[in-house]
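As a plain string of letters, each chain reads:
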Amino acid sequence: MSILLEEKQRAFADLRDIKANLAARGWFPATSGNLSVRVGGFEPDAFTFAITSSGRDKSVQTPEDFLLVNEKGQPTEATSLKPSAETLIHSEIYRLTGAGAIFHVHTIFNNLISELYWERKSIPVDGVELIKAFNIWDEEAQIEIPILPNYAEIPRIAELVEGAIIPRIPGIVLRKHGIYAWGANAFEAKRHLEAFEFLFEYIYRSHLLQKGN
């Protein structure tokens, strides 16, 4: 699939801006997390996306921060860079949703909340205003955010993505690991990610308050 130079440059610029924004919040501890933006046309079995390279310090900007990969997570250009170890999860989400961007971060609250509700296999959210960030406008809306196990072998996780996706919920949490949030473009994916993180903190703090009473 042919990618125009300006499409690649635009995707890298979007990732650079998002990376700096999220790094300033401390959402990439110890080089963790990964970001991707889809580039060019899309068919479920043929697409390209720009993704963060593996092991980079996301608090700094370098020429080696991003690369292009295909739907199998393989680099599309000659490079010594390695895509993120979790590229296959991005590939599955793109294949199944046709999303335009996927952002994955590790935070204290998304780790805590994933363990708190692990037995349920989903995080319940009841009537919180920021549910509307997912374009869910029902009064007192209730949603469930799916949680998947955090296997050491990424292909094992990728195999579970299809069964976990809920069309109106643009995110999946890995247990004691982090959130994958996606959207039609980088702006929407960022909005969804921020909403998820707000909801995780809200639910966890509410749990502590109830426990203290």
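Now for a quick tour of the structure. (Residues numbered from 1 in each chain as written. Predicted model: local features only at pLDDT ≥ 70, side-chain atom pairs only at ≥ 80, totals over all residues. Heavy atoms only, no water.)

**Concerning helix α3 (residues 108–116)**
- Taken together, the buried positions of α3 are occupied by Phe109, Asn110, Ile113 and Ser114. The arc that holds every buried residue of α3, seen down its axis, measures 130°, which confines them to one face.
- Buried residues belonging to α3 abut β4 (101–105), β5 (122–126), β6 (142–148), β7 (171–174), β8 (178–183) and α5 (186–212). (Buried < 20%, exposed > 50% of the residue type's maximum accessible area, 1.4 Å probe, protein only. Helix = DSSP H or I, 4+ residues; strand = E, 2+ residues; numbered from the N terminus. Arc of directions from axis to C-beta. Contact = heavy atoms within 4.5 Å.)

**Overview of the sheet that holds β5**
- As summarised here, the arrangement of the 8 strands in space is β3-β2-β1-β4-β8-β7-β6-β5, forming an open sheet in which the pairing is mixed. In this open sheet, the two strands that pair with only one neighbour each are β3 (66–70) and β5. For this sheet, the mean inter-axis angle between neighbouring strands, taken without regard to orientation, is 20°.
- As paired strands, strand β1 (residues 34–43) and strand β2 (residues 46–52) are joined by 6 bridges and run antiparallel to one another. What sits directly across from Ser36, in β2, is Ile51.
- Helix-sheet contacts for helix α2 (residues 87–97) involve β1, β2, β3, β4, β7 and β8, and the interaxial angle to β2 is about 140°.
- This element, helix α4 (residues 154–164), spans β6 and β7 of the sheet and lies at about 160° to β6. (Pairing = 2+ DSSP bridges. Axes fitted to C-alpha atoms, helices over the stretch in contact; angles between N-to-C directions.)

**Remarks on the environment of Val37**
- Considering the arrangement of structural elements, one finds Val37 in strand β1.
- As for Val37 and Arg205, which are separated by 168 residues in sequence, their C-alpha atoms are 32 Å apart.
- Among all residues touching Val37, those that are not within four sequence positions of it are Ala11, Asp14, Leu15, Phe49, Ala50, Tyr94, Gly100 and Ala101.

**A look at the pattern of salt bridges**
- Across all of its chains, the model carries 14 salt bridges by this definition.
- Glu115 is paired through a salt bridge with Arg175; the nearest N and O atoms lie 2.8 Å apart. One end of the pair, Glu115, is in helix α3; the other, Arg175, is in the loop between β7 and β8, with 60 residues separating them in the sequence.
- Of the charged contacts in the structure, one is a salt bridge between Lys190 and Glu194, with a shortest N-O distance of 2.9 Å. Separated by 4 residues within a single helix, Lys190 and Glu194 lie in helix α5, roughly one turn from each other.
- On the basis of relative accessible area, Glu194 is assigned to the partly exposed category, the value being 25%.
- A single salt-bridge network, built from bridges that share partners, covers Arg25, Lys190 and Glu194. (Salt bridge = Lys/Arg side-chain N within 4 Å of Asp/Glu carboxyl O.)

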